[in-house]
Amino acid sequence: EVITGDPPSPLVLRMLGGRVGDKRMVVSGAPEFVVGDEDILFIRDNGKVFNPLTALMHGRYPIARDKATGRGYVMRNNRAPLKDTREVSGNMDHGAHATGKDKEDAHHENALTEAMSPEDFAAKIRAAVKSGGRRPNEK
């Protein structure tokens with residue numbers, strides 16, 4: 001699905017790196033993809049730069065499913081649930097780490113509940129593009 005823009009059809013992303021036989025080239029900071037992954041990608045200058053993802057790992061937002069509810073949610077490339085679009089430009093730290101299994105489980109469940117759905121994230125992207133890149137509450 002294309003959220004915004006007019007990509008060619010078929011869309012083929014060209015990235016530096018890969019595997020040929022037993023030789024592998026990895027670009028530091030670039031995300032690695034696995035067949036079956038579902039992601040929201042921000043693409044720019046495909047075929048003109050070594051990696052078309054905007055700001056490398058900051059251009060990839062994996063989509064996961066809550067095992068308990070089946071609800072889809074968006075993550076940052078560091079696998080932390082994305083709760084607000086303001087987190088897009090932030091660093092990839094997980095923040096304060098919980099101590100103890102119970103606190104960790106409660107923190108994880110709360111983070112998943114607050115995480116943006118792919119549909120909500122796509123709607124926010126469309127709104128930002130329509131408003132010229134401003135968030136809805138910015139002047």
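Residues numbered from 1 in each chain as written. Predicted model: local features only at pLDDT ≥ 70, side-chain atom pairs only at ≥ 80, totals over all residues. Heavy atoms only, no water.

Visitor: It is not clear to me how the overall build of the chain should be interpreted in this structure. Could you clarify?
Guide: Counting secondary structure elements, the chain contains two helices and five strands. Counting helices and strands in the order they occur from the N terminus, the chain gives β-β-β-β-β-α-α. Of all 139 residues assigned to the chain, the portion counted as buried reaches 27%. Put simply, of all contacts in the chain between residues at least 6 apart along the chain, 51% involve residues at least 24 apart. (Helix = DSSP H or I, 4+ residues; strand = E, 2+ residues; numbered from the N terminus. Buried < 20%, exposed > 50% of the residue type's maximum accessible area, 1.4 Å probe, protein only. Contact = heavy atoms within 4.5 Å.)

Visitor: Help me out: how do you make sense of the nonpolar core in this one?
Guide: Nonpolar side chains in soluble globular proteins tend to be buried together. Counting ten residues, the largest nonpolar core consists of Ile3, Ile40, Tyr61, Ile63, Val74, Leu82, Met116, Phe121, Ala122 and Ile125. If you tally residues by element for this core, the top one is helix α2 (residues 118-130), at three residues. In contact with Met116, not counting residues within four places along its chain, are Arg71, Gly72, Tyr73, Val74, Leu82, Lys83, Asp84, Thr85, Phe121 and Lys124. Of all hydrophobic cores here, the second largest spans five residues; its members include Ala64, Met75, Leu112 and Ala115. (Core = buried A, V, L, I, M, F, W, Y, C linked by side-chain atoms within 4.5 Å.)

Visitor: Would you take a moment to explain the sheet that holds strand β5 (residues 72-74) for this structure?
Guide: Strands belonging to one sheet form pairs held by backbone hydrogen bonds; the direction of such a pair is parallel or antiparallel. Across the sheet, which stays open at both edges, the three strands sit in the order β3-β4-β5 with antiparallel pairing between neighbours. Since the sheet does not close on itself, it has two edges, and those belong to β3 (39-41) and β5, each with one partner. Taken pair by pair, the neighbouring strands of this sheet meet at an average axis angle of 20°, ignoring direction. In this sheet, β5 lies alongside strand β4 (residues 60-65) in antiparallel orientation, the contact comprising three bridges. (Pairing = 2+ DSSP bridges. Axes fitted to C-alpha atoms, helices over the stretch in contact; angles between N-to-C directions.)

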